[in-house]
Amino acid sequence: MKNSRRIFFEPYIKGKNGGSGLGLSVAKKIMELHGGMLEYVEDAESEFKRFVAVV
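Residues numbered from 1 in each chain as written. Predicted model: local features only at pLDDT ≥ 70, side-chain atom pairs only at ≥ 80, totals over all residues. Heavy atoms only, no water.

## A short note on the pattern of salt bridges
Going through the model one piece at a time under the given rule, you end up with one salt bridge. Residues Glu-32 and Lys-28 are paired through a salt bridge, measuring 2.8 Å at the closest nitrogen-oxygen approach. Placement of the pair is Glu-32 and Lys-28 together in helix α2 (residues 23-33), with a separation of four residues, close to one helical turn. Note on Glu-32: relative accessible area 41%, which makes it partly exposed. Given the relative accessible area of 23%, Lys-28 is considered partly exposed. (Salt bridge = Lys/Arg side-chain N within 4 Å of Asp/Glu carboxyl O. Helix = DSSP H or I, 4+ residues; strand = E, 2+ residues; numbered from the N terminus. Buried < 20%, exposed > 50% of the residue type's maximum accessible area, 1.4 Å probe, protein only.)

Have a look at this one:
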């Protein structure tokens, strides 16, 4: 799922109906501008997506 990591942060990629597809790309950019990072953490045992923010 290595390619999916990058796709999550691409603008206009939508995972649900009704969204703009900008949320994660904007959040990642804001984190980086403040010296932090936002990463996708793969968890094969969970059905949920997990993201970690480090400031």
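## Brief notes about a nonpolar patch on the surface
On the surface, Met-37, Val-52 and Val-54 cluster together to form a nonpolar patch covering roughly 200 Å² of accessible area. When you line up the elements, Val-54 lands in strand β2 (residues 50-54). Classification of Val-54 by relative accessible area gives partly exposed; the value is 38%. (Patch = residues over 30% accessible without salt bridge, like charges linked within 9 Å, V, L, I, M, F, W, Y side chains within 5 Å. Areas by Shrake-Rupley, 256 points an atom, 1.4 Å probe, with all protein chains shown as cover.)

## Some remarks on the packing of aromatic side chains
On inspection of all chains with the given rule, the structure shows four aromatic pairs. On the numbers, 4.5 Å between centres and 45° between planes, the contact of Phe-8 with Tyr-40 is tilted. One end of the pair, Phe-8, is in helix α1 (residues 2-8); the other, Tyr-40, is in strand β1 (residues 37-41), and 32 residues separate them in sequence. On the basis of relative accessibility, which here comes to 9%, the residue Tyr-40 falls in the buried class. A centroid spacing of 5.8 Å and a plane angle of 85° characterise the contact between Phe-9 and Phe-51, whose relative ring orientation is edge-to-face. Placement of the pair is Phe-9 in the loop between α1 and α2 and Phe-51 in strand β2, with a sequence separation of 42 residues. Among the residues examined, Phe-9 registers a relative accessible area of 13% and is labelled buried. For Phe-51, a relative accessible area of 28% corresponds to the partly exposed category. Ring-pair connections join several aromatic residues into one group, and the members of that group are Phe-8, Phe-9, Tyr-40 and Phe-51. The ring of Phe-9 is capped by Lys-28, whose NZ or CZ atom sits 5.3 Å from the centre of that ring. (Phe/Tyr/Trp six-rings, centres within 6.5 Å; stacked < 30°, edge-to-face > 60°. Lys NZ or Arg CZ within 6 Å of the ring centre and 35° of its normal.)

Shape is all these values report; function is a separate question.
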